[in-house]
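Chains, contacts and geometry: an overview
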Amino acid sequence: MKGKRIKLKNDLRRCRFEHNEITQQELANAVGVTRLTIHSIEKGKFNPSVILALKIAEFFKKPVGSIFYLDED
Amino acid sequence: MKKILKISNITTLVLKLNFFKRDNFLRSFLFFTGVVSFFMLFRDSALASDISKEYIFGLPDEFIIFFVSQALYFIFYILMVVLLISGLKSKCSEGGEKVLKDDSIFINAQYIGILSGVSGLMLIIIFSLLYTNVYPIPSWAVDAGIVAISLIAVIPYILIVLYWLIIKIRERTGEWYDEKQYQDITRASLITLIASVVITAGIFITQFFMEAFNFFNEIWFPFYVFLVLMLFSSCTLYFNKRVSG
């Protein structure tokens, strides 16, 4: 593990697509954040808190690990 | 008649609650020029009164200041027209998606913070350079001028923050920002702290070696306030918008 850079990645875009192609705004409304926050998570520019990750997983009715996962560079 | 029209324009802007529904620099700039030109009306009345008394002795210097304020009003009216046209266009193509947690006021507040900070810094520096090098005036007039300029520049920011507070007052304080906004503010605060200390320390040290920098003695407080406002708003906006590209 030492020396390797670990990044949090996600399949949020795919999840939205599979979930009736909902928009970023609809997901943002459902989990109580702004659209820009969802957009930043999808782009990998912002790591959500555990609470937000759980809320998103609950919304899609999927385990957190199937949406968010660690990726080593 | 002109004054009544201007006051009605500004009132419409402030009272139209969906004015900041979209984050848009034009709207923020329009709000800023609108508020500033409103306060300039009072200054115009005083100038017009002075000019009327001195006119018989030739063209007074107040005319120059008077023309500068007319330029600001002109920008304000042009922006009003542009906003009106862009508003009509967007009405036709509006998607109408429901937004529960809106970030447009947050972004507009940063735009206005930058405008207030930059204009405040520029105006007080120009004013202090003028009274130290070009037009020496009594110290009471210097103090009054600095206070008046600072208030005019900072009032648009105070108004947008009050407007934001009125909207947020119904929500729990923990929900005033979402978690990304908290992160953006935290980063911006750290950079503002470091940058403002470095800049003010630089000016403080420079004053020992260069007499030209002594005018900062009079304006250090508004200078620091506007510097912090400009740095904080621009950093927050940068971090918030960074992913948009």
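Everything here concerns the structure above.
A short tour of the structure in this document, coming up. (Residues numbered from 1 in each chain as written. Chains lettered and ligands numbered in written order. Predicted model: local features only at pLDDT ≥ 70, side-chain atom pairs only at ≥ 80, totals over all residues.)

Topic: the overall build of chain A
Helices and strands together make up the secondary structure of chain A, namely five helices and two strands. Ordering the α and β elements of chain A from the N terminus gives β-α-α-α-α-α-β. The globule rule puts the C-alpha radius of gyration for 73 residues at 11 Å, and the 12 Å found for chain A is close to it. Summarising its shape, the C-alpha atoms of chain A cover approximately 40 × 20 × 20 Å along the three principal directions. The 73 residues of chain A split such that 23% are buried. The long-range fraction of contacts in chain A, counting pairs at least 24 apart against all pairs at least 6 apart in sequence, stands at 56%. (Helix = DSSP H or I, 4+ residues; strand = E, 2+ residues; numbered from the N terminus. Rg over C-alpha atoms; globule rule 2.2 N^0.38 Å. Buried ≥ 20, exposed ≤ 12 C-beta atoms within 10 Å, placed from the backbone. Contact = placed C-beta atoms within 7 Å.)

Description of the overall build of chain B
When helices and strands are counted, chain B shows seven helices and zero strands. Buried residues in chain B amount to 25% of all 245 residues. Summarising the internal contacts of chain B: among those between residues at least 6 apart in sequence, 83% fall at separations of at least 24.

Looking at unusual backbone geometry
Residues and elements named next belong to chain A. Notably, N20 is not glycine yet its phi reads approximately 55 degrees, a positive angle. Along the chain, N20 falls in the loop between α1 (12-18) and α2 (24-31). Despite not being glycine, K61 shows a phi value in the positive range, around 55 degrees. Along the chain, the position of K61 falls in the loop between α4 (50-60) and α5 (64-67). K61 gets classed as exposed once you count the C-beta atoms within 10 Å, which come to 7.

Comments concerning the nonpolar core
Core analysis: the largest hydrophobic core is formed by 32 residues, its most contacted members being F32, I112 and I149 of chain B. For this core, the elements supplying multiple residues, two or more each, are α2 (25-54), α4 (104-134), α5 (139-168) and α7 (216-241) of chain B. Excluding its chain neighbours within four sequence positions, the residues that come into contact with F32 of chain B are I112, L115 and P156 of chain B. One finds L27, V31, I41 and F46 of chain A within the second-largest nonpolar core, a separate group that totals 10 residues. (Core = buried A, V, L, I, M, F, W, Y, C linked by C-beta atoms within 7 Å.)

Observations regarding the packing of α4 of chain B against α5 of chain B
Axis separation between α4 of chain B and α5 of chain B bottoms out at 9 Å; the angle between their running directions is 180 degrees. Between α4 of chain B and α5 of chain B, the interaxial angle falls into the category roughly antiparallel. (Axes fitted to C-alpha atoms, helices over the stretch in contact; angles between N-to-C directions. Parallel < 35°, antiparallel > 145°, perpendicular 65-115°, else oblique.)

Looking at helix α3 (residues 35-43) of chain A
When α3 of chain A is considered as a whole, its buried residues turn out to be L36, T37, I38, S40 and I41 of chain A. Residues of α3 of chain A that are buried make contact with β1 (6-10), α1 and α2 of chain A together with α6 (179-209) and α7 of chain B. Just downstream of α3 of chain A lies G44 of chain A, where phi reads positive at about 75 degrees.

Brief notes about the environment of V154 of chain B
Residues and elements named next belong to chain B. Along the chain, the position of V154 falls in helix α5. A C-alpha to C-alpha distance of 9.4 Å links V154 and I112, two positions 42 residues apart in sequence. In contact with V154, other than residues within four places in its own chain, are S116 and G120.

Comments concerning the packing of α2 of chain A against α3 of chain A
Residue and element names in this part refer to chain A. Orientation of α2 relative to α3, taken along the N-to-C sense of each, is 110 degrees, at an axis distance of 8 Å. By the angle between their axes, α2 is roughly perpendicular relative to α3. Seen from α2, the contacting residues are Q24, Q25, L27 and A28; seen from α3, they are R35, T37, I38 and H39. Each residue belonging to the contact of α2 with α3 can be placed in one class, and the counts come to three nonpolar, four polar and one charged. (Nonpolar A, V, L, I, M, F, W, Y, C, P; charged D, E, K, R; others polar.)

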